[in-house]
Amino acid sequence: ASAGAAGVLLSESLSAEELTAHVKACQHEGLEAVVVCRDNEHAQMALGAGAQVLALDTKFLGVDASIALSHCGQDAQVLIALGGIKTLEDAWKLRDAGFGCIVVGEEFLAAAYGRAGEVRQGGGKDGLNAAVCKGDTIRQNDLNTFIKALGAKASVKFGPTGVNSFREMGANNKRHYVVE
């Protein structure tokens, strides 16, 4: 903790005794024990060991199964969705189910915005009248929009369900080009 670390990610494969020992060691050092869980049993074991932060492995479980398991994290201070998020709607569903942190990565960016170096053209009835720019610029802009959308009061009940809805309301076509 003195070097700036705030927490330690602990594996769900630890035994109950090992997990308890590691959580206590984290607490002794002033670090937060973040325990990865894949089922209700692991979550209850983590909470029983004294962990206050649970990370459900949404990449392994899937979004819907993680939401179904979110009740097991009600006693945790923070519930984390650990990967596997492909759309803003997935993130909103998780947030609305009580997840306080959502980990997104290349899977989300590639599914929603294309790969780095890709160029997009979109907007208008025929996909015209839109700027064409490198995919990494679009990805950065859309990631910023994603972050703002998660902080907003909007959700799957009250707003558009795709980041492109915020940027290209009413657009019918998107074109993708790869820049070499």
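Residues numbered from 1 in each chain as written. Predicted model: local features only at pLDDT ≥ 70, side-chain atom pairs only at ≥ 80, totals over all residues. Heavy atoms only, no water.

For the rest of this paragraph, the subject is the overall build of the protein chain. Scanning the protein chain from N- to C-terminus turns up eight helices and eight strands. Residues classed as buried in the protein chain amount to 37% of the 180 residues present. A separation threshold of at least 6 residues defines the contact pool for the protein chain, and within that pool the share at least 24 residues apart is 57%. Put simply, the protein chain shows about 9,800 Å² of open surface, and 52% of that area lies on carbon and sulfur atoms. (Helix = DSSP H or I, 4+ residues; strand = E, 2+ residues; numbered from the N terminus. Buried < 20%, exposed > 50% of the residue type's maximum accessible area, 1.4 Å probe, protein only. Contact = heavy atoms within 4.5 Å. Areas by Shrake-Rupley, 256 points an atom, 1.4 Å probe, with all protein chains shown as cover.)

With that out of the way, let us pick up the state of the cysteines. For the structure shown, the criterion picks out zero disulfides. As a non-bridged cysteine, cysteine 72 has cysteine 37 as the owner of its nearest cysteine sulfur, 6.5 Å distant. (Disulfide = S-S within 2.5 Å.)

This part takes up the sheet that holds strand β4 (residues 78–82). The strand order across the open sheet built from five strands is β1-β2-β3-β4-β5, with neighbouring strands paired in parallel fashion. A single partner strand is all that each edge strand has here, and the edge strands are β1 (7–10) and β5 (101–103). Direction aside, neighbouring strands of the sheet carry axes that sit 20° apart on average. Sheet analysis places strand β3 (residues 53–56) next to β4, joined by four bridges and oriented parallel. Pairing of leucine 56 across the sheet is with alanine 81, part of β4. Of the strands in this sheet, β1 and β2 (32–37) are in contact with helix α1 (residues 16–28), which crosses β1 at around 170°. (Pairing = 2+ DSSP bridges. Axes fitted to C-alpha atoms, helices over the stretch in contact; angles between N-to-C directions.)

The next subject is the pattern of salt bridges. As enumerated under the stated definition, the model contains two salt bridges in all. Measuring nitrogen to oxygen at the nearest pair gives 3.0 Å for the salt bridge that ties arginine 38 to aspartate 57. Here aspartate 57 lies in the loop between β3 and α3 (58–61) and arginine 38 lies in the loop between β2 and α2 (40–48), a separation of 19 residues in the sequence. Note that arginine 95 is salt-bridged to aspartate 96, the shortest N-O span being 3.3 Å. Judged by its relative accessible area of 41%, aspartate 96 is partly exposed. (Salt bridge = Lys/Arg side-chain N within 4 Å of Asp/Glu carboxyl O.)

Attention now goes to α1. Side chains that are three or four residues apart share a direction in an α-helix, a result of its 3.6 residues per turn. When the terminal C-alpha atoms of α1 are compared, their 18 Å separation across 13 residues agrees well with the 18 Å that a helix rising 1.5 Å per residue should span. Those residues of α1 lying buried are Leu19, Val23 and Cys26. Summarising the axial view, the buried residues of α1 lie within an arc of 60°, below the 170-degree limit, and thus occupy one face. In α1, those exposed residues whose orientation departs by more than 90 degrees from the buried face are Glu17, Lys24 and His28. (Expected span 1.5 Å × (residues − 1). Arc of directions from axis to C-beta.)

In this structure the tally under the stated criterion is zero aromatic pairs. Seen from the ring of phenylalanine 60, arginine 38 lies directly overhead, with NZ or CZ sitting 3.8 Å from the centre. (Phe/Tyr/Trp six-rings, centres within 6.5 Å; stacked < 30°, edge-to-face > 60°. Lys NZ or Arg CZ within 6 Å of the ring centre and 35° of its normal.)

What follows concerns the nonpolar core. When a protein is soluble and globular, its nonpolar side chains tend to lie buried together. In terms of nonpolar packing, the biggest core is built from 33 residues, with Leu19, Val35 and Leu54 touching the most fellow members. Elements represented by at least two residues in this core include exactly α1, β2, α2, β3, α4 (63–69), β4, α5 (88–96) and α7 (135–151). For this core, the element with the highest residue contribution is α5, accounting for four residues. Excluding anything up to four places from it in sequence, leucine 54 contacts Val35, Cys37, Ala43, Ala46, Leu47, Cys72, Gly73, Ala76, Val78, Leu79 and Ile80. (Core = buried A, V, L, I, M, F, W, Y, C linked by side-chain atoms within 4.5 Å.)

Moving on to the pairing of β1. As judged from the four bridges shared by β1 and β2, these two strands associate in the parallel manner. Within the sheet, the bridge partner assigned to glycine 7 lies in β2 and is glutamate 32. With respect to chirality, the unit in which β1 leads through α1 into the neighbouring parallel β2 is right-handed. (Right-handed = clockwise from strand over helix to strand, strands pointing away.)

Pairing analysis gives three bridges linking β4 to β5, with the strands arranged parallel. From the neighbouring strand, alanine 81 faces β5, where its bridge partner is isoleucine 102. The handedness of the β4 to β5 crossover, carried by α5, is right-handed.

That is the geometry; function is a separate question.
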